[in-house]
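Structural overview
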Amino acid sequence: MTPTLIYHVTASLDGYIARPDGRLDWFDTPRQPDEEYSFQYFYAGIDALLMGRGTYEALLKRGGPWPYPGKPCVVLTRLELPRAGDEVQLTHCTPAQAVGALREAGFQRIWLVGGSLLAGSCYTAGLIDEVVINLVPHLLGAGIPLLATGMERSLTLSEQRPFTSGMVQLHYQVKKQASQLTQIPTPRSTAA
Ligand SMILES: NC(=O)c1ccc[n+]([C@@H]2O[C@H](COP(=O)([O-])OP(=O)(O)OC[C@H]3O[C@@H](n4cnc5c(N)ncnc54)[C@H](OP(=O)(O)O)[C@@H]3O)[C@@H](O)[C@H]2O)c1
């Protein structure tokens, strides 16, 4: 059975997952009890994590213990980087190959942690099944977008949950029909 790939992410109201320099200070405070409960429920339901090198390096830079214990985490990168824990596997392959390998290993629910570049690649490759956005009531004005690669697609809202902090969690199922896909063309450069 093909595993379910879930892009679970925190975003500003205007669709950014980090400031332009990668900072997360606009939401990076200890979770409120209702948010913590929701996160732990989600975390208990996933089998493995898939992460881009940018996100991994941001976590390494923060220091402290590895924040995702007890679950295998595949980091896609061409670089030789230190492993943050026994759970971490650094590998160079396509997202489809990584998801295929996780399937072979028997994992069923995979958390696509991000960031934007990897999620964009997974999205355009048709690999994302669910999107869970924790929408923070904050407008950043600029930053790293939810998905680096654009493509039009309709989603189905399956659940919504408000939190005491004002954050709202929106849970979407991604429709897979090929007929609904419209590739956004790359802007053409014009001669001066
Ligand atoms: N708000 C949130 O919930 C949230 C969640 C996650 C991340 N973030 C933030 O997002 C930022 C990082 O996002 P990002 O978009 O810059 O980087 P990213 O998506 O985390 O990592 C991109 C890197 O992954 C590697 N990669 C391997 N295969 C890839 C593929 N097929 N497609 C794309 N990348 C591939 C490449 O590294 P190599 O060059 O090494 O191959 C690429 O440069 C950080 O600031 C992080 O804190 C926020």
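Once a new chain begins, its residue numbering starts again from 1 and follows that chain's sequence as written. Totals for whole chains, interfaces and linings use every residue, but because this is a predicted model, local features are given only for residues with pLDDT of at least 70 and side-chain atom pairs only at 80 or more, for both listing and counting.

Observations concerning helix 3 (residues 95–104)
- With C-beta atoms placed from the backbone, the exposure class of a residue follows from how many other C-beta atoms lie within 10 Å of its own: 20 or more, buried; 12 or fewer, exposed; in between, partly exposed. The helix and strand labels rest on DSSP assignments: H or I over at least four residues marks a helix, E over at least two residues marks a strand, and numbering proceeds from the N terminus. Of all the positions in helix 3, only Pro95, Ala98, Val99 and Leu102 are classed as buried. All buried residues of helix 3 lie within an arc of 95° about the axis, which places them on one face of the element. Exposed and facing more than 90 degrees away from the buried side of helix 3 are Gln97 and Glu104.
- Placing a C-beta atom from the backbone of each residue, one calls two residues in contact when those atoms lie within 7 Å. Close packing links the buried residues of helix 3 with strand 1 (4–12), strand 3 (48–52), strand 4 (73–76), strand 5 (88–91), strand 6 (109–114) and helix 4 (116–124).
- Immediately downstream of helix 3, the backbone of Gly106 shows phi near 95°, a positive value. The directions considered for the arc run from the helix axis to the C-beta atoms.

Details of the site of the ligand
- In this analysis a residue is considered near a molecule or strand if the C-beta atom, reconstructed from its backbone, is found within 6 Å of that molecule or strand. Around the ligand, the structure places 26 residues, and the nearest of them are Gly22, Gly52, Gly54, Gly114 and Gly115.
- Counting residues per element, the ones that place at least two in the shell around the ligand are strand 1, strand 2 (16–18), helix 2 (53–62), strand 6 and helix 4.
- Of the residues in the shell around the ligand, the class split is 13 nonpolar, 11 polar and 2 charged. Any residue outside Ala, Val, Leu, Ile, Met, Phe, Trp, Tyr, Cys, Pro, Asp, Glu, Lys and Arg is labelled polar, Gly included; the first ten of those are nonpolar and the last four are charged.

Section: the UniProt feature "domain: Bacterial bifunctional deaminase-reductase C-terminal" (unreviewed entry) in the protein chain
- UniProt positions are given in the numbering used here, feature names are shortened, and annotations may be inferred rather than shown by experiment. If you check UniProt for "domain: Bacterial bifunctional deaminase-reductase C-terminal" (unreviewed entry), the listed places come out as residues 3–166 in our numbering.
- Note that residues 3–166 is 25% helix and 30% strand, and that its end C-alpha atoms are spaced 32 Å apart.

Focus on the sheet that holds strand 7 (residues 130–136)
- Two strands are said to pair when DSSP picks up at least two bridges between them. Across the sheet, 8 strands lie side by side as 5-4-3-6-1-7-11-10; this open sheet has mixed pairing. Sheet topology places strand 5 and strand 10 (155–162) at the edges, where each strand pairs with a single neighbour. Looking at each pair of strands side by side, their axes are set apart by 20° on average, direction ignored.
- Packing against the sheet, helix 3 makes contact with strand 1, strand 3, strand 4, strand 5 and strand 6, and its axis sits at approximately 165° to strand 4. Axis angles are defined between N-to-C directions and span 0 to 180 degrees, where every axis is a line fitted to C-alpha atoms and, for a helix, only to the segment in contact.

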